[in-house]
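Structure at a glance
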Amino acid sequence: MSGQRLTTGALLRYLRGNSSEKAILQVVGIKTIDSKTDDPSVSAKRYRLMLSDGKSTFSSCMLGTQMNQLIEMNSLKENSIVRIDRVMVNAIDKQTGRVMLMLYELEVLQSDSERIGDPVALPLTDIINNGNNNTNRSETNDNNQTSTTTASSATNVIRNGSKTLPTIDDRNNTKNFNGDNNRLTAKASNTIDKERIVNIDTLNPYMNKWTIKVRVSSKSQIRNYQNARGPGKLFNCDLVDQSGEIRAAAFNTECDKFHSLLEIGKVYYIARASLKPANRQFNSLNNDYEMTFNYDTCIEQCDTDEGQSIPQIQFNFIPISEIANRPANNVCDVIGVVKSISNIDTIISKTSQKEFNKRELLLVDENASITVTLWGQQAEDFQNSSNPVVAFKGIRIGDFNGRTLSTLNSTLISQDPIETQRTIELRTWYDKEGKLMDLPDLSKGADIGNQQVPFKTLSQINTEGLGLNDKPDYINIKATTTLIKKDTAVYMMCPEERCGKKVVDENNGTFRCEKCNKTYNHFKWSYMISAEISDSTGAQWISAFRNEAETLLGISADEFGNHKLNQNENIIDDIFQKTMNRERIFKLRIKSDQYNDEQRMRLTCMRVSDIDWSSHGRRLIEEINQIESIQH
Amino acid sequence: MSHHYRINGSMLQQFNEKPVSIIGTVTKIHPSGNIIDLETSDKQHIVVRLSEHVDVNAGSIIEVLGNVDNRNQIVCDTIVTFEPEQTANFDMDMYNQAVMLFQHYPQDYLVNL
């Protein structure tokens, strides 16, 4: 029982170019396409759908990967009824007029349904499958079809502009198509079609004919390698245009062919290269794909004046404050004003006995500041004009004392970059107010309380050997307090600021502090909670002091101390009961200490907070998805 | 407590004649008071038939326990209502993802207690 009516004729209208329509269609077939990728942790599934509008079907519909989970969660399946919210027609092959529908956004209106109507494949023999009408989608593999197998008679039909065969040509330049006919039909042509320039950010593996106009923003040296197939060589380069960036690689013959041809900073037309999902292990550029130059690839230099519109470099800045949330050893792009800079320091590496030049600067933006270390040539070359705006591309995040940034050989440093309006924004802000502000410094190790740390279970502390490294580990645990040591919950503390030592009660109204060597007639109550927390995997003892203990118990140390003095056992028991009945998030610092030849694990509570169930749920869903993708 | 399967709007058909639990927002209460329209966690609209008049407010989030009949409606035997403070931060989208997960991994999410 469907109750949904399909938008008949919508498929033809989409293919004719009317992509603004939000049609209701039925999924009549789903095919999984696995992309080969070097990185096994990246699931590169792509789903191809056959859609029906009740009257006709079209089998070349690619589902945007952000919607893959609809299929994987069984919400989108055969016979599901969907509403297309955003779609684009993609020309795969201009010669034959083959097109593909890219489904960027859709909504599942009804998961389960019966087949509506008796749709037949659109009469587009040369678009779908070389004359195989009504082919069952599971029997064909369109990805292997090439344009050269198309019969020329089919091409003729399109050129005549037949109304029943929608192609990109119909909508655009029939004149262009006819005029350039000879050039286009030539296989492995050596000319680059400069009419068909596309943006880097539209490149995907399903496009056959494209040309890009890009600037080489970086190029690596040729590297030799050995693998199972024998020796080889490669180089990488990064390409940018006004829409984005992409990494390209060339191997062996192509490596030799193109390495000397491409110069950093120059603009080139590039056509016909392969695209595959980006290998995130090595490529952190902002593009889902990366390019490989192959035998057919054409590269032609562009005249200087024609290439002026292409930017020198593509930045993906994150605010300095966001660096706190990124893990160490990742790279990022960042921009800020240099508030201060040290002189060049020469240090000698302990391990290699080599001399290194380094320079540290304090980089600030509107919300935070961070220490940046420049190394070697970059330290020497840095021109220190007064508080310049500096952008870093591909700079490494370190976690010394919080967060720091450190340049790599491959890091690009650009002073007062013109490619981004952030330069002007920062300049104006700094000159007006920034130079006077005291911003939170990510490199001062402070405020572990606000930094994101991973969630673990109590048993993982043992299984992962947390706390056994040189530096303490910080984790979040969702747990319940199961025991609290009552007698030692508070102690009488020296009232002297920053002393913290326990005082001796002289029992005559005075209290002696051995550390300060003074006697006082008052003291301060201070928390020193020893509590056991438990989750479904185990239990651990933790310590909590000051603010965290106060949050945990819900009353101040002073009040608690008074209850203790007045021997209000019931009230104290009540306080403990309330504490032990609540599940909370504990941020713990874990470090093992050597104490008289014995290793002891010390778990200190840095922060206690209530559980935000929405975040927690999303975290679990994320973890489940990660487990799923590994299994695939 | 009997074993109600947690589902959303798109799953109604699958659970025909089975006892289910659906959480959603009340969009319309029919004048008779015995039929309410519910927008489920996956933004579907379903019809819930009550055996007697129940006091619910339009726009409030409720949980409906009942059976799916063959008209793709819920015949409800119990309604769980919540205080506005309790549902103020309810993440309906996340609940929907959880419901889909339950279906995806039936061996891991127990229904019979």
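Criteria and cut-off values
For every chain, the first residue of the written sequence is number 1, and numbering continues from 1 along that sequence. In the order they appear in the text, chains get letters beginning with A and ligands get numbers beginning with 1. Selection of residues for local features in this predicted model requires a pLDDT of at least 70, selection of side-chain atom pairs for listing and counting requires 80 or more, and totals for whole chains, interfaces and linings are taken over all residues. Think of the side-chain values as coming from all heavy atoms in the structure, minus any hydrogens and water. UniProt positions are given in the numbering used here, feature names are shortened, and annotations may be inferred rather than shown by experiment. Numbering of helices and strands runs from the N terminus; a helix is a DSSP stretch of H or I covering at least four residues, while a strand is a stretch of E covering at least two. For each residue, the accessible area found with a 1.4 Å probe, counting protein chains only, is set against the maximum for its type, and the residue is called buried under 20%, exposed over 50%, and partly exposed in between. Note on contacts: a residue pair is in contact if any heavy atoms of the two residues lie within 4.5 Å. Areas reported as accessible are Shrake-Rupley estimates using a 1.4 Å probe. Residue values count occlusion only from the protein chains shown. Buried Ala, Val, Leu, Ile, Met, Phe, Trp, Tyr and Cys residues that are joined via side-chain atoms within 4.5 Å together make up what is termed a nonpolar core. By definition here, a helix of n residues has an expected span of 1.5 Å times n minus one. By convention, the term buried area covers the 1.4 Å-probe accessible surface removed from two parts as they join, with the contributions of both added. Whenever a carboxyl oxygen of Asp or Glu lies within 4 Å of a side-chain nitrogen of Lys or Arg, that contact is scored as a salt bridge. We define a polar contact as two N or O atoms separated by no more than 3.5 Å, with the added condition that, inside protein, one atom must be a possible hydrogen donor and the other a possible acceptor, whereas residues neighbouring each other in sequence contribute only through side-chain atom pairs. Classification convention: Asp, Glu, Lys, Arg as charged; Ala, Val, Leu, Ile, Met, Phe, Trp, Tyr, Cys, Pro as nonpolar; all other residues, Gly among them, as polar. Two strands make a pair as long as DSSP finds a minimum of two bridges between them. It is the directions from the helix axis to the C-beta atoms whose arc is reported. In this analysis, rings of Phe, Tyr and Trp, with Trp reduced to its six-membered ring, are considered paired at centre separations within 6.5 Å, and the interplanar angle assigns stacked below 30 degrees, edge-to-face beyond 60, and tilted for intermediate values. Note on geometry: axes are lines fitted to C-alpha atoms, helical ones only across the stretch in contact, with angles between N-to-C directions running from 0 to 180 degrees. Should an angle lie under 35 degrees it is considered roughly parallel, over 145 roughly antiparallel, and from 65 to 115 roughly perpendicular; all remaining angles are considered oblique.

Looking at an unreviewed UniProt entry, one finds chain B named Replication factor A protein 3, with Rotaria sordida as its source organism. Of the comments in the UniProt record for chain B, the one headed Sequence similarities (unreviewed entry) reads "Belongs to the replication factor A protein 3 family." In UniProt, chain B has this text filed under Subcellular location (unreviewed entry): "Nucleus".

Where an unreviewed UniProt entry is consulted, chain A appears under the name Replication protein A subunit, with the organism given as Rotaria sordida. The record in UniProt for chain A states the following under Subcellular location (unreviewed entry): "Nucleus". UniProt's Subunit (unreviewed entry) comment on chain A is quoted here verbatim: "Component of the heterotrimeric canonical replication protein A complex (RPA)."

**Some thoughts on the overall build of chain A**
When its secondary structure is counted, chain A shows 14 helices and 31 strands. Residues counted as buried form 47% of the 632 residues belonging to chain A. A separation of at least 24 residues holds for 63% of the contacts in chain A among residues at least 6 apart in sequence. Roughly 33,300 Å² of accessible area belongs to chain A as shown, and the carbon and sulfur atoms make up 45% of that amount.

**Digging into the overall build of chain B**
Along the backbone of chain B there are two helices and six strands. Helices and strands in chain B line up, N terminus first, as β-β-β-β-β-β-α-α. By residue count, 46% of the 113 residues in chain B fall in the buried class. The contacts of chain B with a sequence gap of at least 6 include a subset with a gap of at least 24, amounting to 53%.

**Some remarks on the nonpolar core**
All names here are of chain A. One finds Tyr527, Ile529, Phe560, Phe586 and Leu588 to be the most contacted residues of the largest nonpolar core, which totals 38 residues. Counting residues per element, this core draws most heavily on strand β28 (residues 524-535), at five residues. Each residue touching isoleucine 529, except ones within four places of it in the same chain, is listed here: Ile484, Ala489, Ile542, Ser543, Ala544, Ala549 and Leu553.

**Observations concerning helix α2 (residues 92-104) of chain B**
With 13 residues, α2 of chain B extends 18 Å between its outermost C-alpha atoms, agreeing within 8% with the 18 Å of an ideal straight helix rising 1.5 Å per residue. Along α2 of chain B, the residues classified as buried are Met92, Met94, Tyr95, Asn96, Gln97, Ala98, Val99, Met100 and Leu101 of chain B.

**Considerations on the interface of chain B and chain A**
Counting from both sides, the interface comprises 15 residues of chain B and, opposite them, 18 residues of chain A. Here chain B and chain A share an interface that buries about 1,500 Å² over both sides, 50% of which is from carbon and sulfur atoms. On the chain B side of the contact with chain A, Gln13, Met94 and Met100 of chain B bury the most area, a combined 30% of that side's loss. One can count two salt bridges joining chain B with chain A. One salt bridge connects arginine 618 of chain A with aspartate 93 of chain B, and the closest N-O pair in it is separated by 3.4 Å. Linking chain B to chain A there are five residue pairs in polar contact (both at pLDDT 80 or more). Its residues placed into classes, the side of chain B that touches chain A shows six nonpolar, seven polar and two charged.

**Considerations on the pairing of strand β2 (residues 45-52) of chain A**
All names here are of chain A. A large share of β2 lies buried, amounting to eight of its eight residues. Side chains Lys45, Tyr47, Leu49 and Leu51 of β2 all project onto a buried face; the interleaved residues Arg46, Arg48, Met50 and Ser52 project onto the opposite face, where all are buried too. With eight bridges joining them, strand β1 (residues 24-34) and β2 adopt antiparallel strand pairing. The residue of β2 that forms the bridge with aspartate 34 is lysine 45. Hairpin connection between β2 and strand β3 (residues 56-63): a loop of three residues separates the two successive antiparallel strands, and glycine 54 in this loop has a positive phi of roughly 100°.

**Observations regarding the environment of alanine 391 of chain A**
Counting through the fold element by element, alanine 391 of chain A comes out in strand β19 (residues 389-398). As a C-alpha pair, alanine 391 of chain A and glycine 336 of chain A span 55 residues in sequence and 6.6 Å in three-dimensional space.

**Section: helix α13 (residues 569-580) of chain A**
Residue and element names in this part refer to chain A. The end-to-end C-alpha distance of α13 is 16 Å, a good match for the 16 Å that 12 residues give at a rise of 1.5 Å each. Looking at α13, one finds that the buried residues are Ile572, Ile575, Phe576 and Thr579. Down the axis of α13, the sector holding all buried residues measures 95°, keeping them to one side. Turned more than 90 degrees away from the buried face of α13 sit Asn570 and Lys578, all of them exposed. Each element contacted by the buried residues of α13 is listed here: β23 (473-484), α11 (546-553), α12 (557-565) and β30 (583-595).

**Overview of unusual backbone geometry**
Residue and element names in this part refer to chain A. Within the chain, arginine 272 stands out as a residue other than glycine whose phi angle is a positive 60°. Within the secondary structure layout, arginine 272 lies in the loop between β11 (267-271) and β12 (274-277). Accessibility expressed as a relative area gives 23% for arginine 272, which makes it partly exposed. The backbone of asparagine 507 sits at a positive phi, close to 65°, despite the residue not being glycine. Its place among the elements puts asparagine 507 in the loop between β25 (504-505) and β26 (511-513). For asparagine 507, a relative accessible area of 68% gives the class exposed.

**Section: the packing of aromatic side chains**
Under the criterion given, the structure shown has 12 aromatic pairs over all chains. Ring centres of tryptophan 429 of chain A and tyrosine 430 of chain A lie 6.1 Å apart, and the angle between their planes is 65°; on these two criteria the pair is classed as edge-to-face. Here the two residues tryptophan 429 of chain A and tyrosine 430 of chain A agree in accessibility, since each one is buried. Taking the centre distance of 5.7 Å and the plane angle of 45° together, the rings of phenylalanine 90 of chain B and tyrosine 95 of chain B count as tilted. Given a relative accessible area of 32%, phenylalanine 90 of chain B falls into the partly exposed group. Judged by relative accessible area, which is 9%, tyrosine 95 of chain B ranks as buried. Chaining the aromatic ring pairs together yields one cluster made of Phe511, Phe523 and Trp525 of chain A.

**Section: the pattern of salt bridges**
All names here are of chain A. Enumeration according to the criterion identifies 30 salt bridges over all chains in this entry. Salt-bridge contacts for aspartate 431 lead to arginine 427; the nearest nitrogen and oxygen are separated by 3.2 Å. Of this pair, aspartate 431 and arginine 427 both sit in helix α9 (residues 422-432), four residues apart, which is roughly one turn of that helix. In this structure, a network of salt bridges that share partners links the residues Lys22, Arg83, Asp85 and Glu107.

**Points about the packing of α12 of chain A against α13 of chain A**
Residues and elements named next belong to chain A. It is the contact of α12 with α13, at a shortest axis distance of 9 Å, that shows an interaxial angle of 140°. In this view, α12 runs oblique relative to α13, as classed from their interaxial angle. Every residue of α13 that contacts α12 at Phe560, His563 and Lys564 is listed here: Ile571, Ile572, Ile575 and Phe576. Residue composition of the contact of α12 with α13, by class: five nonpolar, one polar and one charged.

**Some words on the side chain of threonine 420 of chain A**
Residues and elements named next belong to chain A. With respect to the element layout, threonine 420 can be found in the loop between β21 (412-415) and α9. Residue classification places threonine 420 among the buried residues on the basis of a relative accessible area of 14%. Within polar-contact distance, the side chain of threonine 420 engages the backbone nitrogen of arginine 422 at 3.0 Å. If sequence neighbours within four positions are ignored, threonine 420 has contacts with Phe315, Phe317 and Ile335.

**Some remarks on the sheet that holds strand β27 (residues 518-520) of chain A**
By way of backbone hydrogen bonds, the strands of a sheet pair with one another, either parallel or antiparallel. Residue and element names in this part refer to chain A. The strand order across the open sheet built from three strands is β25-β26-β27, with neighbouring strands paired in antiparallel fashion. Both edges of this open sheet fall to β25 and β27, since each of them pairs with a single strand only. Across two bridges, β25 lies against β26 in antiparallel orientation. Note on β26: the bridge partner recorded for valine 504 is arginine 512.

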